[in-house]
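Tertiary structure, described
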Amino acid sequence: MKTRIPAVLSLTSLALCLVSPVLFFAGKISERTYRLAFLLTSFSWFLFAILWMAAARRNKV
Amino acid sequence: MPSRLATLTLQMDKLYEFDRVPVSADKLQPGGKFAGLFAGEHVAATEFVIGAFFVLHGVGARDLLLGLLFGNLLAVLSWTFICAPIAVRTRLTLYWYLRKIAGPGVTFIYNIANAFLYCILAGAMISVSATAIGLAFGIKVPALDAIFPNSVGWVVLTFAIGTAFTTVAVLGFEKLSRFAEVCSPWIFVVFIAGAVAMLPRLGVHPNLDNLWEVAKTKIWNGVAVAGQEKLGFAHVLFFAWFCNLAMHVGLSDMALFRYAKRWTYGLFTAFGVYPGHLLAWICSGVMVAAIGREMDPGRMAFEAAGLAGTFGLLLAGWTTANPTLYRAGLALQTVTPNWPRWKITLVAGAATTVLSCFPVFFLKLLDYVAIYGLVLMPIGAIVFAEHWIFPRLRIEQHMAEKRGWTFNGSALIVWLGTLVICFSLPLHLYFRWLPGWFIALASYTVLMASRRKEGVR
């Protein structure tokens, strides 16, 4: 359970990283919004992926 | 001198002691592990440059797609039919297998050559990362034909980044390799996101109805930029095939495949090369076309994905330069008996940092990658001949080990001779390795067969 939550959140963040350029390409958001969204979702990926890895390592031990 | 060589040999063996024994059955890994490993291995900072260079070299859209599709297929088949079967049968690293075949002296030279080539590669990665930071400070990327640094700013920048990368490598490789695992899927996403976001700038409609037209006319339009050689289908095919030549035909990935349950696990390399050497190269091609065909990876990444793009480029350089530095350090450690790992990594890092100041290594990256593979390729051919051809021709295998040779002269002559022949062949640099491989294979077999008849050492 402790690994599942950060795993889901990190993978969702990575998926959202891809959604923002698609929305920009489709003309739904501005370039500025795309860049900001991409930066935030990237940050979110790193945060949750590191938590996920740490939890996975704790589980192994 | 002989005692010095004996010391070096002893030191070198000690370094690789942990993998001296063939991998045991209980240590073998499932196929899924290999798929995961390769998926994260082939997206590096250099992909920003390679894909972009295909655009600058005037490759056509159709040539690019077919070349990458079939070139990568040939690379996957080389891993599957050349590297993996030998690794699975011997369960040894190339180091130990080569030592049996060519003797510790040749293995030592191979290590040094490898270390030097690794340093140049890591230097190129530092240079690519430098373009990301340089953008913030207004430091211009050197011109495409530059060999030497174009400004004090560039030298200071590459020195600063090289020092930072080296410091991290010296402080601890393990933590960084764990961090690299987090970075690699995201870096791949940066490529995809950057390319998608650049499509409107190139005039691609949201319904994609003109995508192929734009690809043919505005991205891979078949026109090389001034001063760049025109490349076509065969060049792209060969490039995709040989860009990991040292790993597949050169057999250095025996280190990985010795853990494979079956030789068919070589096919799992497709999970690495198709995203890294097809999709990522296509994406960087889109990005460079959108910024006006200018070789400036830093600007490319920033304009495509903003600050995240800049970080992506920096992280791609960092996470790939560090293991390269580590490997260079490991190889160099053989000449510096009793030096601790941190000290030799520092020396490798310092050499790499100096090399990174010279923009020629990243601006001529395609040629460098070709030379890198070419230099190490004959060793792969020698091992292949010894493993598959010698038993069929009843030529004695592993003579260096059995007779206690420090140098297998035939192996050394074939290695150097093949390189001399390859560099004088009237062929494009990209195509020379293939005849070279057959030359090395045939000449080593003939030389060793003649030694058998003569019974000489």
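Residues numbered from 1 in each chain as written. Chains lettered and ligands numbered in written order. Predicted model: local features only at pLDDT ≥ 70, side-chain atom pairs only at ≥ 80, totals over all residues.

As for the overall build of chain A
- Counting its regular elements, chain A contains two helices and zero strands.
- Based on the C-alpha atoms only, the size of chain A along its principal axes is roughly 50 × 15 × 10 Å.
- Residue burial in chain A is summarised as follows: out of 61 residues, 28% are buried.
- Counting contacts in chain A only where the partners sit at least 6 residues apart, residues at least 24 apart contribute 69% of the total. (Helix = DSSP H or I, 4+ residues; strand = E, 2+ residues; numbered from the N terminus. Buried ≥ 20, exposed ≤ 12 C-beta atoms within 10 Å, placed from the backbone. Contact = placed C-beta atoms within 7 Å.)

With respect to the overall build of chain B
- Of the regular secondary structure elements, chain B holds 18 helices and zero strands.
- The C-alpha atoms of chain B give 22 Å as radius of gyration, which agrees with the globular expectation for 457 residues (23 Å, within 12%).
- Taking the principal axes of the C-alpha coordinates as reference, chain B spans close to 70 × 45 × 45 Å.
- Expressed as a percentage of contacts within chain B between residues at least 6 apart in sequence, the contacts between residues at least 24 apart total 86%. (Rg over C-alpha atoms; globule rule 2.2 N^0.38 Å.)

A word on the environment of Asn408 of chain B
- Locating Asn408 of chain B in the fold gives a position in the loop between helix 16 (399–403) and helix 17 (409–424).
- The spacing of Asn408 of chain B and Ala115 of chain B is 293 residues in sequence and 21 Å in space, taken between C-alpha atoms.

Observations concerning the interface of chain B and chain A
- Listed by partner, the interface residues are 16 residues for chain B and 19 residues for chain A.
- When contributions to the side of chain B that touches chain A are tallied by element, the ones reaching two or more residues are helix 7 (173–198) and helix 12 (297–332) of chain B.
- Of the residues forming the side of chain B that touches chain A, the biggest block, nine residues, is contributed by helix 7 of chain B.
- Grouping the constituent residues of the side of chain B that touches chain A by class yields 14 nonpolar, one polar and one charged. (Nonpolar A, V, L, I, M, F, W, Y, C, P; charged D, E, K, R; others polar.)

Some points on the packing of helix 3 (residues 46–56) of chain B against helix 5 (residues 94–137) of chain B
All names here are of chain B.
- Contact pair helix 3 / helix 5: the axes reach a minimum separation of 9 Å and the direction vectors enclose 85 degrees. Taken together, helix 3 and helix 5 sit at an angle that is classed as roughly perpendicular. Counted together, Thr46, Phe48 and Val49 of helix 3 and Ala124, Met125 and Val128 of helix 5 form the full contact between these two elements.
- Taken together, the residues of the contact of helix 3 with helix 5 break down into five nonpolar, one polar and no charged. (Axes fitted to C-alpha atoms, helices over the stretch in contact; angles between N-to-C directions. Parallel < 35°, antiparallel > 145°, perpendicular 65-115°, else oblique.)

A few points about the environment of Glu41 of chain B
All names here are of chain B.
- Along the chain, the position of Glu41 falls in the loop between helix 2 (31–39) and helix 3.
- Taking the number of C-beta atoms within 10 Å as the measure of exposure, Glu41 has 21 and is therefore buried.
- Along the backbone, Glu41 and Val360 are 319 residues apart, and their C-alpha atoms lie at a distance of 25 Å.

Considering helix 11 (residues 270–290) of chain B
- Here helix 11 of chain B is 21 residues long and its end C-alpha atoms lie 29 Å apart, about the 30 Å a rise of 1.5 Å per residue gives.
- Positive phi appears at Gly292 of chain B, one or two residues downstream of helix 11 of chain B, with a value of about 85 degrees. (Expected span 1.5 Å × (residues − 1).)

Considering the nonpolar core
Residues and elements named next belong to chain B.
- Residues Val286 and Ile382 are the most contacted members of the largest nonpolar core, which totals 177 residues.
- Broken down by element, this core gets its largest block of residues, 23 residues, from helix 5.
- Apart from residues no more than four positions distant in its own chain, Val286 is found in contact with Ala195, Met198, Leu199 and Ile219. (Core = buried A, V, L, I, M, F, W, Y, C linked by C-beta atoms within 7 Å.)

Considering the packing of helix 3 of chain B against helix 12 of chain B
Residue and element names in this part refer to chain B.
- Where helix 3 meets helix 12, the closest approach of the two axes is 12 Å, and the angle between their N-to-C directions is 160 degrees. By the criterion of interaxial angle, the relationship of helix 3 to helix 12 is roughly antiparallel. Our pair here, helix 3 against helix 12, has a crossing hand that is right-handed. On the side of helix 3, the interface is formed by Phe48, Val49 and Ala52, while helix 12 contributes Pro297, Met300, Ala301 and Leu313.
- A class-by-class count of the residues in the contact of helix 3 with helix 12 yields seven nonpolar, no polar and no charged. (Left-handed = near helix turned anticlockwise from the far one by under 90°.)

Describing helix 17 of chain B
Residues and elements named next belong to chain B.
- In this model helix 17 runs 22 Å from its N-terminal to its C-terminal C-alpha over 16 residues, within 8% of the 22 Å that 1.5 Å per residue would give.
- Along helix 17, the residues that are buried comprise Ser410, Ala411, Val414, Trp415, Thr418 and Cys422. Down the axis of helix 17, the buried set is contained in an arc of 135 degrees. They therefore lie on one face. Opposite the packed face of helix 17, turned more than 90 degrees from it, sit the exposed residues Leu416, Val420 and Ser424. (Arc of directions from axis to C-beta.)

Notes on the environment of Ile379 of chain B
Residue and element names in this part refer to chain B.
- By the secondary structure assignment, Ile379 is in helix 15 (residues 365–393).
- It is 13 Å that separates the C-alpha atoms of Ile379 and Trp96, two residues lying 283 residues apart in sequence.
- Not counting chain neighbours up to four residues away, the residues in contact with Ile379 comprise Leu98, Tyr110, Gly250 and Trp415.

Some details on unusual backbone geometry
Residue and element names in this part refer to chain B.
- In this model, Leu251 sits at a positive phi of 70 degrees, which is unusual for a non-glycine residue.
- Within the secondary structure, Leu251 is located in the loop between helix 9 (233–242) and helix 10 (254–257).
- The phi angle at His398 is positive, at roughly 55 degrees, despite the residue not being glycine.
- Summarising the element assignment, His398 is placed in the loop between helix 15 and helix 16.
- What makes His398 partly exposed here is the crowd of 16 C-beta atoms within 10 Å.

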